[in-house]
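# Examination of the molecular architecture
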Amino acid sequence: MTCDEAKILLHALLDNELDAGHAREVEAHIASCPSCAAELAAQREMKRVLADTKLGYTAPASLRARIEASLPQARPQPSRRSVLRGFAMGSAVSALAASGVVAVVLRQDDQQRILSEVVSAHLRSLQAGHLIDVVSTDQHTVKPWFNGKLDVAPPVIDLTAQGFTLVGGRLDYIDARAIGAVVYKRRQHVINLFVSQTASTERRPPKTQTMQGFNCRRWGERGLNFWAVSDIGGDELAEFVDKFEAAMKANVEG
């Protein structure tokens, strides 16, 4: 085992997430590598300090008062007569337009809700013990693990040579459905690739959105929806998606 491989698994070892075989490999490497041993000791100390530190903050009542004072004052309500007159003049046109407008708004709201759930799942995964259910850098170990747990197993592609290291996978829940999450790392940054089945086979080109400081790149391909989420820059996340798509296409054509 190399230092790069060991350092990827140090967090999992510290949180008792590794299976016995991988744990023995990492511990054996640490026993013979002062650099990795020091890194593990530093992470263990950081975990202890964070556990003993009170990170909660209670905002003072004066803050609430200042926020409420800065909000715009409520506008006067229109009279009942003016409301009825306006409604009568525009009801026919509004009825025709409303159906399309409401549909667009509902779709946008639904997309934002799903994006919010995806980012929340990413945040949950960063907590101790939530990132990985199956720990492996081997795509032939990670992909079979999903079989029988989901209707469609997500594609698992090794992109280590392209700078994105496969570290494992897990089950997660988005929109009240179980989906697969394939986990990669870019340096010390986690990339969660969420994959769910969809009835549409139409290709949707990748689109990047930002929420809560995380970049999320979403696209659709071959009856699957993909969301790649990370705190890496948008250009790096786009590079990850481009390399993943290219490798997936090569696998299908091959």
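An account of the accompanying structure is given in this report. A quick note: this is a predicted structure, and the numbers were derived from the prediction, not measured. (Residues numbered from 1 in each chain as written. Predicted model: local features only at pLDDT ≥ 70, side-chain atom pairs only at ≥ 80, totals over all residues. Heavy atoms only, no water.)

### A short note on the nonpolar core
Going by this rule: Here the nonpolar core consists of buried residues drawn from Ala, Val, Leu, Ile, Met, Phe, Trp, Tyr and Cys, with membership extended through side-chain atoms lying within 4.5 Å. Here the term buried applies to any residue with accessible area under 20% of the maximum for its type, exposed to any over 50%, and partly exposed to those in between, with areas from a 1.4 Å probe on protein chains only. Numbering of helices and strands runs from the N terminus, with a helix taken as a DSSP run of H or I at least four residues long and a strand as a DSSP run of E at least two residues long. In what follows, a contact means two residues having at least one pair of non-hydrogen atoms within 4.5 Å.
Residues Leu 159, Tyr 184, Leu 193, Phe 226, Phe 240 and Phe 244 are the most contacted members of the largest nonpolar core, which totals 26 residues. Taken together, the elements giving at least two residues each to this core come down to helix H6 (139–146), strand S3 (177–186), strand S4 (189–197), strand S7 (224–230) and helix H7 (234–253). Broken down by element, this core gets its largest block of residues, 6 residues, from H7. Setting aside residues no more than four positions away along its own chain, Leu 193 makes contact with Gly 180, Ala 181, Val 182, Tyr 184, Trp 219, Phe 226, Trp 227, Ala 228, Phe 240 and Phe 244.

### Regarding helix H1 (residues 3–14)
How we decide: Take the number of residues in a helix, subtract one, and multiply by 1.5 Å to get its expected span.
Its 12 residues give H1 an end-to-end C-alpha distance of 16 Å, which sits within 8% of 16 Å, the value for a rise of 1.5 Å per residue. Residues of H1 that are buried: Ala 6, Ile 8, Leu 9, Leu 10, Ala 12, Leu 13 and Leu 14. Following H1 by one or two positions, Asn 16 adopts a phi angle in the positive range, close to 60 degrees.

### Section: the side chain of Lys 185
Mapped onto the fold, Lys 185 is located in strand S3. Classification of Lys 185 as buried rests on a relative accessible area of 7%. Apart from residues no more than four positions distant in its own chain, Lys 185 is found in contact with Ile 8, His 11, Gly 163, Phe 164, Thr 165, Val 167 and Val 190.

### Remarks on the side chain of Asn 225
Inspection of the secondary structure puts Asn 225 in strand S7. Asn 225 gets classed as buried once you look at its relative accessible area, which sits at 9%. For Asn 225, the contacting residues outside a window of four places in its chain are Phe 194, Val 195, Ser 196, Thr 198, Arg 204, Arg 218, Trp 219 and Gly 220.

### Remarks on the environment of Gly 233
Within the secondary structure, Gly 233 is located in the loop between S7 and H7. Relative accessible area serves as the criterion here: at 28%, Gly 233 is assigned to the partly exposed category.

### A few points about the packing of aromatic side chains
This is how it is decided: Pairing of aromatic rings covers Phe, Tyr and the six-membered ring of Trp, with a centre-to-centre limit of 6.5 Å; geometry is then stacked below 30 degrees between planes, edge-to-face above 60, and tilted otherwise. Geometrically, a lysine NZ or arginine CZ counts as sitting over a ring once it is within 6 Å of the ring centre and also within 35 degrees of the ring normal.
For the structure shown, the criterion picks out 7 aromatic pairs. Judged by centre distance (6.2 Å) and plane angle (70 degrees), the rings of Trp 219 and Phe 244 are edge-to-face. Here the residue Trp 219 occupies a position in strand S6 (residues 214–221), and Phe 244 occupies one in helix H7, the gap between them amounting to 25 residues. Taking the relative accessible area as the measure of exposure, Phe 244 reaches 0% and is therefore buried. Taking 6.2 Å as the distance between ring centres and 35 degrees as the angle between the ring planes, the aromatic pair formed by Phe 240 and Phe 244 counts as tilted. Taken together, the residues span about one helical turn, with Phe 240 and Phe 244 both in helix H7 at a distance of 4 residues. Phe 244 shares its class with Phe 240; the two are buried. Taken together, the aromatic side chains of Phe 164, Tyr 184, Trp 219, Phe 226, Phe 240 and Phe 244 make up a single cluster linked through ring pairs. Between Lys 149 and the ring centre of Trp 145, over which it is positioned, the NZ or CZ distance is 4.4 Å. When the ring centre of Phe 164 is taken as reference, the NZ or CZ atom of Arg 186 above it lies at 4.3 Å.

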